[in-house]
Amino acid sequence: MKVTLQNLTKTFPSRNKKEQKEVVAVSNFTFEIPDGTLIGLLGPSGCGKSTTLSLICGLLKPTSGKIFFGDDEVTHLSPENRGVGMVFQNYALYPHLTVKQNITFPLENLKGKDKMTKQEMAQKALETAKLVQIEELMDRKPSELSGGQQQRVAIARALVKMPRVLLLDEPLSNLDARLRLATREEIRRIQQKTKITTVFVTHDQEEAMSISDLIVVMKDGIVQQIGKPQEVYNDPCNLFVAKFLGTPPINIFKGKVKDRKLYIGNTAVMDTDIPDMPVTVGIRPEGFMADEKGEFECELERIEVMGRDISVIAKHEQCETPVFRAIINGENEIQGQKVRFSLKPRKVYLFDNEKGSRIEVN
Ligand code: ATP
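Rules used throughout
Residues numbered from 1 in each chain as written. Predicted model: local features only at pLDDT ≥ 70, side-chain atom pairs only at ≥ 80, totals over all residues. Heavy atoms only, no water. Core = buried A, V, L, I, M, F, W, Y, C linked by side-chain atoms within 4.5 Å. Buried < 20%, exposed > 50% of the residue type's maximum accessible area, 1.4 Å probe, protein only. Helix = DSSP H or I, 4+ residues; strand = E, 2+ residues; numbered from the N terminus. Contact = heavy atoms within 4.5 Å. Disulfide = S-S within 2.5 Å. Near = heavy atom within 4 Å. Polar contact = N/O pair within 3.5 Å; in protein donor to acceptor, adjacent residues only side chain to side chain. Areas by Shrake-Rupley, 256 points an atom, 1.4 Å probe, with all protein chains shown as cover.

Digging into the nonpolar core
A general tendency of soluble globular proteins is for nonpolar side chains to be buried together. The biggest cluster of nonpolar side chains holds 32 residues, and the ones touching the most others in it are I103, I134 and L159. Breaking this core down by element, the ones donating at least two residues are α2 (99-108), α3 (118-131), α4 (147-159), β7 (165-169) and α5 (177-194). At six residues, the largest contribution of residues to this core is made by α4. Once you skip the residues sitting within four places of it in the chain, I134 turns out to touch V99, I103, A129, Q149, R152, V153 and A156. Within the second largest apolar cluster, 28 residues are counted, among which are V269, F296, I328 and I334.

Rendered as structure tokens:
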């Protein structure tokens, strides 16, 4: 099911009486979510992710704009009539019901031609439980399950009516690191098997990058960039997106362009083709190469061995942070108090100092 968001805007009245300004939680969001894809809605706290999800779900009505599921406009339909499945961070299972009863619950109220017999419901619940691999836990109560198992039950309950759209709001936040990893792979597997168009909200960029077909990066209610995870990582449209994606994060330096050369401090580190101007320079950790003859000289702070690669923690007076991190091949030998790098031009990004927008370089 294709989902179309058309100029979607949601404002909330200000809670502060003195300040009349309203909160724009989502601003003019237009996007066509392709049928059968998993979209990661990503951004820092307060950027409008949950509001967007609630608008798609029908728990909130937009201030303006429209929502379509396929060709049907659903903007004014209630959540029950939209055919959405929803999974929240806190599982929200009924504690007094068994797993089987929790999964069957959404089927109990089906009416008319959709009404099911007890046997049909049990059959459907079992099929869905098998899909999320919890069929052996059907008679347990939620309190007898681990966090990951509870979240699978919540996913099964959202899937049992075969929703047109599946909406997941930070579904992994309450799980520990290992379970998080396993459950996110599980969500991806289930989504690929069912081909249900899915919107997954998270503030964790690694999580969004690892399972999404497309990511939407938001800030202050405004969509910054939409694209395949790797494309957005390789080609960020502004400083915010560049900083938000990547672990370890991109390193930021003050720089300037003069006579077709990029300077960081007094050192020309790279050729470039843009006019003279001050710039903000972003260098991905993998954009550094240890090079005795490299122009970019830094003070070595320490080295962390990470198996095949090593992480060089170094200092430079033009760096925005006290230290920065370069990831280089572990075969390099780094010693002494200074370390010299040359840079990989494709991993170096220039941004406008005022607007933060990316400066295109040929
Ligand atoms: P988080 O990751 O912390 O859940 P989010 O990106 O999901 O954040 P939203 O919950 O969508 O962000 O909130 C977006 C903005 O709208 C925030 O500034 C928030 O304070 C505001 N907001 C959300 N709901 C309401 C409401 N009911 N009344 C007033 N303001 C609201």
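Let us keep going from here.
A word on the state of the cysteines
The full count for this structure, using the stated rule, is zero disulfides. Free cysteine C237: the closest other cysteine sulfur is in C47, separated by 14 Å. We classify C237 as partly exposed; its relative accessible area is 29%. Free cysteine C319: the closest other cysteine sulfur is in C298, separated by 8.7 Å. Taking the relative accessible area as the measure of exposure, C319 reaches 11% and is therefore buried.

Here's the deal with the site of the ligand
F12, R15, V23, A25, P44, S45, G46, C47, G48, K49, S50 and T51 make up every residue found near the ligand. A distance of 3.0 Å separates an oxygen atom of the ligand from a polar backbone atom of G48. At a separation of 2.9 Å, an oxygen atom of the ligand approaches a polar side-chain atom of K49. If the ligand stood free it would expose 640 Å²; the protein chains cover 64% of that surface. With three residues, the top contributor of residues to the shell around the ligand is helix α1 (residues 49-57).

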